[in-house]
Amino acid sequence: MHCQTTGSWGSYMPTTRIPATASTVVVVGDPLERIERLASENAVVIFSVSSCCMCHAIKRLFCGMGVNPSVIELDQDPRGRDMEKALIRLLGASPAVPVVFIGGKLVGAMDRVMASHINGTLVPLLKQAGALWL
């Protein structure tokens, strides 16, 4: 079982570059727009932090179901801190990870995903998004 881990998506996201000094570059872009764009590019997208045990559990859940989610590790992304702050605003709660999007729509954090799994609504969502074919 292999789960796809996505590193920096900077080349796929339109950004504005403002020279900070001769040797460094500052990347500017709306983190919420970036989240929406990343969430819409794959059937299942998980925003995660590589050292988070709950993030690991949610990734294992999807991989165990035969889903190959796109995983955005915020701690390995140069704009991850800004995206994490945007996710906190979006959810209205902290901590911001893990956060799951299915079919480009926000499912929520660990509690919502597990509730959907337990009550039987997760598999139909995954099938509708094209992440499961069984």
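Scroll up to find the structure.
Described below are features of the structure shown in this document. (Residues numbered from 1 in each chain as written. Predicted model: local features only at pLDDT ≥ 70, side-chain atom pairs only at ≥ 80, totals over all residues. Heavy atoms only, no water.)

Concerning the overall build of the protein chain
Quick reminder of the rule: The helix count covers DSSP runs of H or I at least four residues long, the strand count covers runs of E at least two residues long, and both are numbered beginning at the N terminus. Exposure classes here rest on a 1.4 Å probe applied to the protein chains alone. A residue is buried below 20% of its type maximum, exposed above 50%, and partly exposed in between. Whether two residues are in contact is decided by their heavy atoms: any pair within 4.5 Å suffices. Residue exposure ignores everything except the shown protein chains as possible cover, and the areas themselves are Shrake-Rupley values with a 1.4 Å probe.
Broken down by element type, the protein chain carries 5 helices and 7 strands. Listing each helix as α and each strand as β along the protein chain from the N terminus yields β-β-β-α-β-α-β-α-β-β-α-α. Across the 134 residues that make up the protein chain, the buried fraction comes to 39%. Sequence-distant contacts, at least 24 apart, represent 64% of the contacts inside the protein chain between residues at least 6 apart. Roughly 7600 Å² of accessible area belongs to the protein chain as shown, and the carbon and sulfur atoms make up 56% of that amount.

Digging into the state of the cysteines
Which entries qualify depends on this criterion: Put simply, a disulfide is two cysteine sulfurs that come within 2.5 Å.
Considering all chains together, one arrives at 0 disulfides under this definition. Distance from the sulfur of Cys-52, which forms no disulfide, to the nearest cysteine sulfur (Cys-55) is 3.1 Å. Free cysteine Cys-53: the closest other cysteine sulfur is in Cys-52, separated by 5.5 Å.

Here we look at the pairing of strand β6 (residues 99-102)
Where we set the bar: A pair of strands is labelled paired if DSSP reports no fewer than 2 bridges between them.
Burial along β6 is two-sided: Val-99 and Phe-101 facing one way and Val-100 and Ile-102 facing the other are all buried. Bridging between strand β4 (residues 44-48) and β6 involves 4 bridges; their strand directions are antiparallel. Bridging from a neighbouring strand, Ile-46 pairs with Val-100 of β6. Pairing geometry for β6 and strand β7 (residues 105-108), over 3 bridges, is antiparallel. Each residue of the ladder has a partner; that of Val-100, found in β7, is Gly-108. Hairpin connection between β6 and β7: a loop of 2 residues separates the two successive antiparallel strands, and Gly-103 in this loop has a positive phi of roughly 60 degrees.

Some words on helix α1 (residues 31-41)
Quick reminder of the rule: Picture the helix axis, draw a direction to every C-beta atom, and the arc is the one those directions span.
Where α1 is concerned, the buried positions are Pro-31, Arg-34, Ile-35, Leu-38 and Ala-39. Along the axis of α1, the buried positions cluster into a sector of 130 degrees, meaning they face one direction only. Looking at α1, the residues exposed on the side facing more than 90 degrees away from the buried face are Glu-36 and Ser-40. Looking at the buried side of α1, the elements it contacts are β4, β5 (70-73), α3 (80-91) and β6.

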